[in-house]
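Now for the letters of each chain:
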Amino acid sequence: MINIPKRISHRGGCAYAPENTLAAMTQAKAMGASLVEFDVMLTADHQAVIIHDDTINRTTNGKGKVAELSYQQISQYDAGSWFAKEFKGEKIPLFSDMIECLATNQLAANIEIKPSIGMALPTTDETMRLIDQHWPKSLPQPLVSSFDYTCLQRARALSSDIH
């Protein structure tokens with residue numbers, strides 16, 4: 001059983017910083033959240049990134065589908081200016097960078113696996129690999145969620161004790 005915190009932040013402090021960015025997670029912590037929810041998706045070169053939409057259109061100054069762009073391409077776009085000028089230069093983070101941010105801020109996590117069409121297993125495999133290899137012992141074990149039941153089945157098969 002997991003201890004459910006009183007303050008949970010969806011996509012980080014997304015009313016006060018650009019959603020699913022490192023700035024949003026830091027803002028969530030500053031506002032008293034102890035658990036954050038964010039979305040993991042794979043790029044064309046199978047890099048796990050933190051983004052909600054299938055495209056980068058709404059949350060960056062670029063255009064295109066996440067699954068059709070390499071991380072190098074995605075990293076060239078600004079994911080903060082659309083929200084406010086003080087966030088200019090904010091990037092779509094890699095999941096590994098998000099893990100570091102969570103450790104720095106001592107934030108627990110609900111990691112939503114959000115695969116592009118046909119990418120349920122590869123997205124889950126990479127997400128679980130990164131959790132297994134990089135999750136800090138100083139943080140509670142994450143909650144892994146998804147609207148794709150295939151992802152949940154795979155996560156359970158890869159880790160029988162994952163929440």
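Placed above this text is the structure.
Scoring rules and cut-offs
Residues numbered from 1 in each chain as written. Predicted model: local features only at pLDDT ≥ 70, side-chain atom pairs only at ≥ 80, totals over all residues. Heavy atoms only, no water. Salt bridge = Lys/Arg side-chain N within 4 Å of Asp/Glu carboxyl O. Helix = DSSP H or I, 4+ residues; strand = E, 2+ residues; numbered from the N terminus. Buried < 20%, exposed > 50% of the residue type's maximum accessible area, 1.4 Å probe, protein only. Contact = heavy atoms within 4.5 Å. 1 Å grid on protein atoms, 1.4 Å probe; cavity = no way out; pocket = protein on both sides within 12 Å on 5 of 7 lines; lining within 4 Å. Points joined across faces, edges and corners; volume = space filled by probe spheres on them. Nonpolar A, V, L, I, M, F, W, Y, C, P; charged D, E, K, R; others polar. Pairing = 2+ DSSP bridges.

Undergrad: Tell me what's going on with the pattern of salt bridges, and back it up with residues and numbers.
TA: Scanning the entire structure with this criterion turns up 5 salt bridges. Residues Arg58 and Glu19 are paired through a salt bridge, measuring 2.7 Å at the closest nitrogen-oxygen approach. Placement of Arg58 in the loop between strand E3 (48–50) and helix H2 (71–74) and of Glu19 in the loop between strand E1 (8–10) and helix H1 (22–30) is noted, with a sequence separation of 39 residues between them. A relative accessible area of 39% means that Arg58 is categorised as partly exposed. With a shortest N-O distance of 2.7 Å, Arg154 and Asp125 are connected by a salt bridge. Of this pair, Arg154 sits in helix H5 (residues 149–158) while Asp125 is found in helix H4 (residues 120–134), placing the two residues 29 residues apart along the sequence. Residue classification places Arg154 among the partly exposed positions, given a relative accessible area of 28%. A relative accessible area of 28% places Asp125 in the partly exposed class. Taken together, the shared-partner salt bridges in this structure form one network comprising Glu19, Asp53 and Arg58.

Undergrad: Outline the environment of Phe83, supporting the account with residue identities and numerical values.
TA: With respect to the helices, strands and loops of the structure, Phe83 is situated in the loop between H2 and helix H3 (95–105). Linking Phe83 and Met128, residues 45 residues apart in sequence, is a C-alpha distance of 31 Å. Phe83 has contacts with Cys14, Ala15, Tyr16, Ala17 and Pro18, leaving out every residue within four places of it along the chain.

Undergrad: Give me the layout of surface pockets: which residues, what numbers.
TA: In this approach, a probe sized like a water molecule rolls over the atoms, and the result shows the empty space that is left. Each pocket or cavity is described by its volume, and for the second largest pocket that value is around 170 Å³. Taken together, Asp125, Met128, Arg129, Ile131, Asp132, Trp135, Leu139, Gln141, Leu158, Ser159, Asp161 and Ile162 make up the lining of the second largest pocket. In terms of residue class, the lining of the second largest pocket is built from 6 nonpolar, 2 polar and 4 charged.

Undergrad: Explain the pairing of strand E2 (residues 35–42) residue by residue, including any values.
TA: Most of E2 is tucked away: 8 of the 8 residues are buried. Neither face of E2 is open: one carries Leu35, Glu37, Asp39 and Met41, the other Val36, Phe38, Val40 and Leu42, and all of them are buried. As defined by bridge partners, E2 adjoins strand E4 (residues 108–113) across 6 bridges and the pair is classed as parallel. Residue pairing for E4: Val40 is matched across the bridge by Ile113. Relative to E3, E2 runs antiparallel, the two sharing 3 bridges. By the bridge assignment, Val40 is partnered in E3 with Ile50. Count of turn residues in the E2/E3 antiparallel hairpin: 5 residues, of which His46 carries a positive phi of about 60°.

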